[in-house]
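Structure assessment
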Amino acid sequence: MTELLPVLTLIGGLLFGLLTGFPMAFTLASSAIVTAFFFFGPQTLPFVATNIFGMMSGMVLIAMPLFVFMACLLEKSGVAEDLYAFMYQALGPVRGGLAMGTVLICAIIAAMSGVTTTAVVTMGIIALPIMLKQGYHKSIAIGPILAGGALGLLIPPSVSLIVYGMVARVSIGKLFAGGVAPGLILVGSFLTYIAIRSFLQPNYAPALPKEERVSLKELFFLSKGLILPISVVALVLGTIFAGIASPTEAAAVGVAGAMISALINRRLTWALLNEAAVRSMAITGMVMWILFGAACFTSIFFRTGGQDMIADLLMGFENPALIFGFILAVLIVLGFFLDEITQVMITVPVFLPIIVQLGYDPVWFGVLFMTQVQMDYLTPPFGFTLFYMKGVAPPEVSMGDIYRSILPFVLIQLAVVIFILLYPGVVMWLPNLLFG
């Protein structure tokens, strides 16, 4: 019982912070410091500080504020508006076309920005009112924006995959390559669902009226809106996959591409740069504090022997299906309360050694992890994208509408998680092809 007491104190502090709404970074750090002080003595505290300093000096973290800055620039650069203008005319004449175009735009924004907020907020402002005006049912107008926006966790250059790579000590380039196939599978699955539902319920997703359609010549002119975003994606991912640049260097290239996009669209002003810089600093600062607090927590968790206890418990199951079932169940529960960065910092150091011991690649587990956590972003009652949507949706859209709209996409997401679990080669073929 005495050996369990430090673990219970540590976990109890975490639960107390969650229930009281205390900021997550300080919840993690304070529960670790209190446990270390009372059970292992004040001489343990410098060990905690050393772990934090080691994380602060990680070069890979430089990529994170750059990608966040790129996302903030792109959000205001006019790229999303140009993309939607093209998709509106290219796919609008098809039943469900506006919803399908929205998913594609969200995927492109995810590949440009690496975060979830940008696509959900931007498409919630631009696409949702238009779809509702065109007679789309709320469920088929809201769901694609939420599901497509969450792709930013998985489709490279995902900031969350960068954090996972830092914790797991695996190649960021391989993680980015591994996220491509599952991301495309999810996009294809979402499009297929929208097409089937639009066919079965045509009144839920009507085609664009003929009088609002443009000629092929005008559509060709609108297609120029694809050039900038595709160029930014090609620059960022192409330089990484070709081995020309590291993720950090590619992030700098992406920032340059985002600034050029804003300049071409005549949106590049000092006010825009100032707003993007301040937002980037706020977001990065929040993430960094979570990372530091989680570093405190995991270092003391290892010191208490909690990781060995969980490893013994899981390996006692013997059946890998039961082990993965337990891991996924833990991630689902944590997803009700924690963001993906905190989940990575708390669970990956605990679960990854077990995954490696079972013979699985840590790159594959990272992609599986992010696919699972992406589902958490869509899961009521606390999915983050749900509240982003509520913040920008028209007044007639209720929280109940948002919850109902996302259920089919959560089931699709769960099916893809199981598919990746059963067929790891789907994730690993591109990393093996590009990096050997």
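Residues numbered from 1 in each chain as written. Predicted model: local features only at pLDDT ≥ 70, side-chain atom pairs only at ≥ 80, totals over all residues. Heavy atoms only, no water.

**Description of the overall build of the chain**
Inclusion rule: Only DSSP runs of H or I covering at least 4 residues are called helices, and only runs of E covering at least 2 are called strands; the numbering of each starts at the N terminus. Only the C-alpha atoms count toward the radius of gyration. The rule for a globule is 2.2 Å times the residue count to the power 0.38. Three exposure classes are used, based on accessible area relative to the maximum for each residue type with a 1.4 Å probe and protein chains only: buried under 20%, partly exposed in between, and exposed over 50%. Whether two residues are in contact is decided by their heavy atoms: any pair within 4.5 Å suffices. Here the open area of atoms and residues is found with the Shrake-Rupley method and a 1.4 Å probe, where only the protein chains shown may cover a residue. A positive count includes Lys and Arg, and a negative count includes Asp and Glu. His and the chain ends are not counted in either. A charge is said to be at NZ when it belongs to Lys, at CZ for Arg, at CG for Asp and at CD for Glu.
Along its length, the chain carries 21 helices and 0 strands. A compact globule built from 436 residues should have a C-alpha radius of gyration of about 22 Å, and the chain, at 22 Å, falls within 12% of that. The dimensions of the chain, computed from C-alpha atoms along their principal axes, are 75 × 45 × 45 Å. The proportion of buried residues among the 436 residues of the chain is 55%. Sequence separation of 24 or more characterises 79% of the internal contacts of the chain that already satisfy a separation of 6 or more. Summed over its atoms, the accessible surface of the chain is roughly 18,300 Å², and 72% of this surface lies on carbon and sulfur atoms. Across the chain, the centroid of the 17 positively charged side chains sits 12 Å from that of the 18 negatively charged ones.

**Looking at the pattern of salt bridges**
In plain terms, the rule: Salt bridges are defined as contacts in which a side-chain nitrogen from Lys or Arg sits within 4 Å of a carboxyl oxygen from Asp or Glu.
A full pass over the atoms with the stated rule returns 2 salt bridges. Put simply, K138 and D401 hold a salt bridge, and the shortest N to O gap is 3.1 Å. Here the residue K138 occupies a position in helix α8 (residues 138-149), and D401 occupies one in helix α20 (residues 399-422), the gap between them amounting to 263 residues. D401 sits in the buried class, given a relative accessible area of 13%. Salt bridges here are not isolated pairs; linked through shared partners, they connect K138, D401 and R404.

**Here's the deal with helix α21 (residues 425-435)**
The complete set of buried residues in α21 reads V426, V427, M428, L430 and P431. Tucked inside the fold, the buried residues of α21 contact α10 (172-200), α18 (362-376) and α20. Trailing α21 by a residue or two, G436 shows a phi angle of about 80°, which is positive.

**Points about the side chain of Q413**
Where we set the bar: Polar contact is defined as a pair of N or O atoms within 3.5 Å, subject to the rule that within protein one atom must be able to donate a hydrogen and the other to accept it, and that residues adjacent in sequence are counted only when both atoms are side-chain atoms.
Structurally, Q413 is set in helix α20. Exposure remark for Q413: the relative accessible area of 0% places this residue in the buried category. Within the local environment of Q413, its side chain forms a polar contact with the backbone oxygen of T371, the two atoms lying 3.3 Å apart. The residues contacting Q413, other than those within four sequence positions of it, are L186, F190, T371, Q374, M375 and L378.

**What to know about the packing of helix α19 (residues 384-392) against α20**
Here is the rule we go by: Here, axes are lines fitted to C-alpha atoms. For helices the fit covers the stretch in contact, and angles between N-to-C directions go from 0 to 180 degrees. Angle categories: roughly parallel below 35 degrees, roughly antiparallel above 145, roughly perpendicular from 65 to 115, and oblique for all the rest. By definition, turning the near helix anticlockwise from the far helix through less than a right angle yields a left-handed crossing, and turning it clockwise yields a right-handed one.
Direction vectors running N to C along α19 and α20 enclose 135°, while the axes themselves pass 10 Å from each other. Relative to α20, α19 is oriented oblique. The handedness of the crossing between α19 and α20 is right-handed. Facing α19, whose interface residues are L386, F387, M389 and K390, α20 presents M399, I402, Y403 and I406.

**Regarding the packing of aromatic side chains**
In plain terms, the rule: Aromatic rings from Phe, Tyr and Trp, with only the six-membered ring used for Trp, were paired whenever their centres fell within 6.5 Å, and each pair was classed as stacked if the ring planes differed by under 30 degrees, edge-to-face if by over 60, and tilted otherwise.
Applying the stated rule across the entire model yields 12 aromatic pairs. A centroid spacing of 5.5 Å and a plane angle of 85° characterise the contact between F37 and F38, whose relative ring orientation is edge-to-face. Relative accessible area serves as the criterion here: at 41%, F37 is assigned to the partly exposed category. With a centroid separation of 5.5 Å and 70° between ring planes, the pair formed by F190 and F409 is classed as edge-to-face. A residue pair is termed long-range when its members are at least 10 positions apart, and F190 in helix α10 and F409 in helix α20 qualify at 219 residues. F409 matches F190 in its accessibility class, with the two residues each being buried. One aromatic cluster is present, built from ring pairs that chain together F26, W289 and F292.

**Observations regarding helix α14 (residues 270-304)**
How we decide: By this rule, a helix spans an expected 1.5 Å times one less than how many residues it contains.
For α14, spanning 35 residues, the distance from its first C-alpha to its last is 51 Å, which sits close to the expected 51 Å at 1.5 Å a residue. Trailing α14 by a residue or two, G305 shows a phi angle of about 85°, which is positive.

**Notes on the environment of V115**
Tracing the backbone through its elements, the reader meets V115 in the loop between α6 (97-113) and α7 (117-133). In this structure V115 comes out as buried when scored by relative accessible area, which is 19%. For V115 and S223, which are 108 residues apart along the polypeptide, the C-alpha to C-alpha distance reads 25 Å. The contact partners of V115, leaving out residues within four places of it in the chain, are A71, G152 and V159.

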